Amino acid sequence: MSLLKIIQDCIDNKREAQFLLFDTFSDFVIRICERYCPDVPTAKDLSQITFIKIFKNLSAFDVRKGSFKNWIQRIAINECLQFLRKKKLLVFVDDFSTVRLTEELEDDAPSDDHLLAHARIRELIDALPSGYRTVFLLSEVDGYSHKQIGEELGISEATSRSQLFKAKKALKKNWESTSPIRKALQG
């Protein structure tokens, strides 16, 4: 069954198609929500809210304006940003020197292990202040321009650039301070 047929069946309130659409994209949506809201229960709630919006607005999807996956991604990101703004969890930090990793990862596996590196990067990103993290994710993961980030977050392009620069610097600093070699030399 084609995606357009599934979408049309969802618009026609066919439950089988709705379950199929949800099953197809639920992991994708939850990963987006977890990137912006590392608190898993909150991310799950935001994922559900995203799907409610998706189903309510399916008739507004226009295949000529882009892919369905990108449309869903945009809705999920907007829900996360709206949540962060509403809860006043979007904090922009001026001084990256105070940004430190709060919990160190255990290094039971070899340092070049891809999964360990991925987990470490995820931990470091999650440990960033919300403003750094949000700008970093919007720019580096989701490909937003600084102009788009500024519009989404209500900040200037210069602030977006500054937050991204500081986020990268904090990530690098925290990566280096928690590397197994550095810890061994300090220990």
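Everything discussed here concerns the structure shown above.
Residues numbered from 1 in each chain as written. Predicted model: local features only at pLDDT ≥ 70, side-chain atom pairs only at ≥ 80, totals over all residues. Heavy atoms only, no water.

A. Highlighting the pattern of salt bridges. Taken as a whole and judged by the stated rule, the model has nine salt bridges. D142 is the partner of R35 in a salt bridge, and the nearest nitrogen-oxygen pair spans 2.7 Å. With R35 in helix α2 (residues 15–36) and D142 in the loop between α6 (130–141) and α7 (146–153), this residue pair connects regions lying 107 residues apart in the sequence. Of the charged contacts, one joins E79 and K53 as a salt bridge, the two residues approaching to 2.6 Å between their closest N and O atoms. (Salt bridge = Lys/Arg side-chain N within 4 Å of Asp/Glu carboxyl O. Helix = DSSP H or I, 4+ residues; strand = E, 2+ residues; numbered from the N terminus.)

B. Structural detail: the environment of I155. Mapped onto the fold, I155 is located in the loop between α7 and α8 (157–177). Excluding its chain neighbours within four sequence positions, the residues that come into contact with I155 are F92, V135, I149, G150 and S160. (Contact = heavy atoms within 4.5 Å.)

C. Structural context of the side chain of Q73. Counting through the fold element by element, Q73 comes out in helix α4 (residues 68–86). For Q73, a relative accessible area of 17% puts it in the buried group. Those residues in contact with Q73 that lie beyond four places of it in its chain are F28, I32, R35 and D142. (Buried < 20%, exposed > 50% of the residue type's maximum accessible area, 1.4 Å probe, protein only.)

D. Up close: the packing of aromatic side chains. One pass over the full model with this rule turns up six aromatic pairs. Note on F51 and F55: the rings are 6.3 Å apart at their centroids and 35° apart in plane angle, and the pair reads as tilted. On the criterion of helical spacing, the pair formed by F51 and F55 is a turn pair, its members being four residues apart in helix α3 (residues 40–56). In this structure F51 comes out as buried when scored by relative accessible area, which is 3%. Under the relative-accessibility criterion, F55 is labelled partly exposed at 28%. Ring plane angle 85° and centroid distance 5.1 Å describe the contact between F61 and F68, whose orientation is recorded as edge-to-face. Grouped by ring-pair contacts, the aromatic residues F25, F61, F68 and W71 constitute a single cluster. The residue whose ring lies beneath K69 is F28, and the NZ or CZ to ring-centre distance is 4.7 Å. (Phe/Tyr/Trp six-rings, centres within 6.5 Å; stacked < 30°, edge-to-face > 60°. Lys NZ or Arg CZ within 6 Å of the ring centre and 35° of its normal.)

E. Quick peek at unusual backbone geometry. Within the chain, N13 stands out as a residue other than glycine whose phi angle is a positive 60°. Within the element layout of this structure, N13 appears in the loop between α1 (3–11) and α2.

F. Quick look at the layout of surface pockets. Space inside the largest pocket adds up to approximately 190 Å³. R35, H118, I121, R122, I125, D126, L137 and V141 together form the lining of the largest pocket. When residues of the lining of the largest pocket are traced back to their parent elements, those giving at least two are α5 (114–127) and α6. Considering every element that reaches the lining of the largest pocket, the biggest residue donor is α5, with five residues. (1 Å grid on protein atoms, 1.4 Å probe; cavity = no way out; pocket = protein on both sides within 12 Å on 5 of 7 lines; lining within 4 Å. Points joined across faces, edges and corners; volume = space filled by probe spheres on them.)

G. Molecular detail of the nonpolar core. Counting residues in hydrophobic clusters, the biggest one holds 46 residues, and the most contacted among them are Y36, I54 and F68. In terms of residue count, α4 provides more of this core than any other element does, 10 residues in total. (Core = buried A, V, L, I, M, F, W, Y, C linked by side-chain atoms within 4.5 Å.)

H. Inspection of the packing of α2 against α4 at higher detail. Between α2 and α4, the least distance of the axes is 10 Å, while the angle of their chain directions is 40°. In terms of their interaxial angle, α2 and α4 are classed as oblique. Where α2 crosses over α4, the two elements pack in a sense that is right-handed. Facing L21, F25, F28, V29, I32, C33, R35 and Y36 of α2, the residues of α4 in contact are F68, K69, I72, Q73, A76, I77, C80, L81 and L84. Split into classes, the residues belonging to the contact of α2 with α4 amount to 14 nonpolar, one polar and two charged. (Axes fitted to C-alpha atoms, helices over the stretch in contact; angles between N-to-C directions. Parallel < 35°, antiparallel > 145°, perpendicular 65-115°, else oblique. Left-handed = near helix turned anticlockwise from the far one by under 90°. Nonpolar A, V, L, I, M, F, W, Y, C, P; charged D, E, K, R; others polar.)

I. Seen up close, the environment of E157. With respect to the secondary-structure elements, E157 resides in helix α8. A relative accessible area of 35% means that E157 is categorised as partly exposed. Distance from E157 to H146, taken between C-alpha atoms, is 5.2 Å for residues 11 residues apart in sequence. Setting aside its immediate chain neighbours within four residues, E157 contacts H146 and K147.

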